[in-house]
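# Examination of the molecular architecture
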Amino acid sequence: MRYELLVFDWDGTLMDSAARIVASMQAAFAELGLPPPAAAAARNVIGLGLTHAVAELAPTQDAAMRARIIERYRAHYLELDDTPTPLFPGAEEVVSGLRAAGYLLAVATGKSRIGLDRALAQSGLGAHFHATRSADETFSKPHPQMLQELLDELGVHASRALMIGDTEYDLLTAQNAGVDAVAVCYGVHTPERLLALAPRACLSAIDALPGWLAAADPHTSNHETP
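Residues numbered from 1 in each chain as written. Predicted model: local features only at pLDDT ≥ 70, side-chain atom pairs only at ≥ 80, totals over all residues. Heavy atoms only, no water.

### Some words on the nonpolar core
Counting 29 residues, the largest nonpolar core has Leu6, Phe8, Trp10 and Phe129 as the members making the most contacts within it. Per-element accounting of this core gives the leading share, four residues, to helix α5 (residues 91–100). Residues within four places of Phe129 in sequence aside, it is in contact with Phe8, Trp10, Leu14, Val95, Arg99, Leu105, Ala106, Val107 and Leu120. (Core = buried A, V, L, I, M, F, W, Y, C linked by side-chain atoms within 4.5 Å. Buried < 20%, exposed > 50% of the residue type's maximum accessible area, 1.4 Å probe, protein only. Helix = DSSP H or I, 4+ residues; strand = E, 2+ residues; numbered from the N terminus. Contact = heavy atoms within 4.5 Å.)

This is the structure in structure tokens:
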């Protein structure tokens, strides 16, 4: 196999959770008497750790207010908002099949640990991953620490790992860690934005990943647009 370790982003890559993230962020601002961010602005920060995301959305607020926004966002996302967050079609089969094929699998996400653990349990995918990292355990993307820690934990060289994600933050994290990346172009950031960072592929569906892996050539680039 060209790659030994496959590292997945979560939101927008395996789980279709953008609508719930946006609604929860807007509700948190409104509850605190602040103008809610536009949906496009809230979508744009998906993939960042909450501290960085809220700093982007509320640059004029002080640290205390940002902490309250984060607290209320978590309450809405985890408890109060009931917007569905299904896995993308084929995600379960892809993850279980890649695990069965002998790949090491990991998650590197902007979610909190409590949010990731809940998503892993509710989706039924938790047992398939050998290691996971969340944004409240390391530096937020695009800092490479998440990937570096996963590589160290699983004993894999950067040249044998692949990051799969739907945002420029995922692709930049991979670049900063010296890891190849494949974009999925059905998530949060547009294909044009992702292709500008030269991923090895831009897949239109998660179930295209196994076929791409089977055909991957380390000496060429392959861009499949949706």
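Next comes the rest of the account.
### Quick look at the sheet that holds strand β1 (residues 5–8)
The six strands lie next to each other as β3-β2-β1-β4-β5-β6, forming an open sheet whose pairing is parallel. Pairing within the sheet leaves two strands with one partner each, and these edge strands are β3 (131–133) and β6 (202–203). In the packing of helix α6 (residues 113–123) onto the sheet, contacts are made with β2 (104–108) and β3, and the angle to β3 comes to roughly 140°. Sitting on the sheet, helix α8 (residues 168–177) touches β4 (161–165) and β5 (180–184), and the angle it makes with β5 is about 175°. (Pairing = 2+ DSSP bridges. Axes fitted to C-alpha atoms, helices over the stretch in contact; angles between N-to-C directions.)

### Some words on the packing of aromatic side chains
Overall, the coordinates contain four aromatic pairs when judged by the stated rule. Ring geometry for Tyr3 versus Trp212: centroids 6.4 Å apart, planes at 20°, classification stacked. A residue pair is termed long-range when its members are at least 10 positions apart, and Tyr3 in the segment before β1 and Trp212 in helix α10 (residues 209–215) qualify at 209 residues. With 5.9 Å between their ring centres and 25° between their planes, Tyr73 and Tyr77 make a pair best called stacked. Of this pair, Tyr73 and Tyr77 both sit in helix α4 (residues 63–80), separated by four residues, roughly a single helical turn. With respect to burial, Tyr73 and Tyr77 carry one shared label: buried. Directly above the ring of Tyr77 sits Arg20, whose terminal nitrogen or CZ lies 5.0 Å from the centroid. (Phe/Tyr/Trp six-rings, centres within 6.5 Å; stacked < 30°, edge-to-face > 60°. Lys NZ or Arg CZ within 6 Å of the ring centre and 35° of its normal.)

### Some points on the side chain of Ser134
Mapped onto the elements, Ser134 comes out in the loop between β3 and α7 (145–154). Of the polar contacts made by the side chain of Ser134, one reaches the backbone nitrogen of Arg113; its length is 3.3 Å. A polar atom in the side chain of Ser134 sits 2.6 Å from the side chain of Asp136. Apart from the residues within four sequence positions on either side, Ser134 is in contact with Thr109, Lys111, Ser112, Arg113 and Met146. (Polar contact = N/O pair within 3.5 Å; in protein donor to acceptor, adjacent residues only side chain to side chain.)

### With respect to α8
For α8, the full list of buried residues reads Tyr169, Asp170, Leu171, Thr173, Ala174 and Ala177. Elements in contact with the buried residues of α8: α2 (39–44), α7, β4, β5 and α9 (191–195).

### Regarding the packing of helix α3 (residues 50–57) against α4
Relative orientation of the contacting elements α3 and α4 amounts to 115°, with a least axis distance of 10 Å. In the crossing of α3 with α4, the sense of the turn from one axis to the other is right-handed. Contact residues: Leu50, Thr51, Val54 and Ala55 in α3; Arg66, Ile69, Ile70, Tyr73 and Arg74 in α4. For the contact of α3 with α4, the residue count by class is six nonpolar, one polar and two charged. (Left-handed = near helix turned anticlockwise from the far one by under 90°. Nonpolar A, V, L, I, M, F, W, Y, C, P; charged D, E, K, R; others polar.)

### A closer look at the pairing of β1
Regular strands have side chains that alternate between both faces of the sheet. Here β1 shows no split at all, with Leu5 and Val7 on one side and Leu6 and Phe8 on the other all buried. In this sheet, β2 lies alongside β1 in parallel orientation, the contact comprising four bridges. The partner of Val7 across the bridge, within β2, is Ala106. Summarising the sheet, β1 and β4 pair through four bridges and their orientation is parallel. Paired with Val7 across the strands is Met163, a residue of β4.

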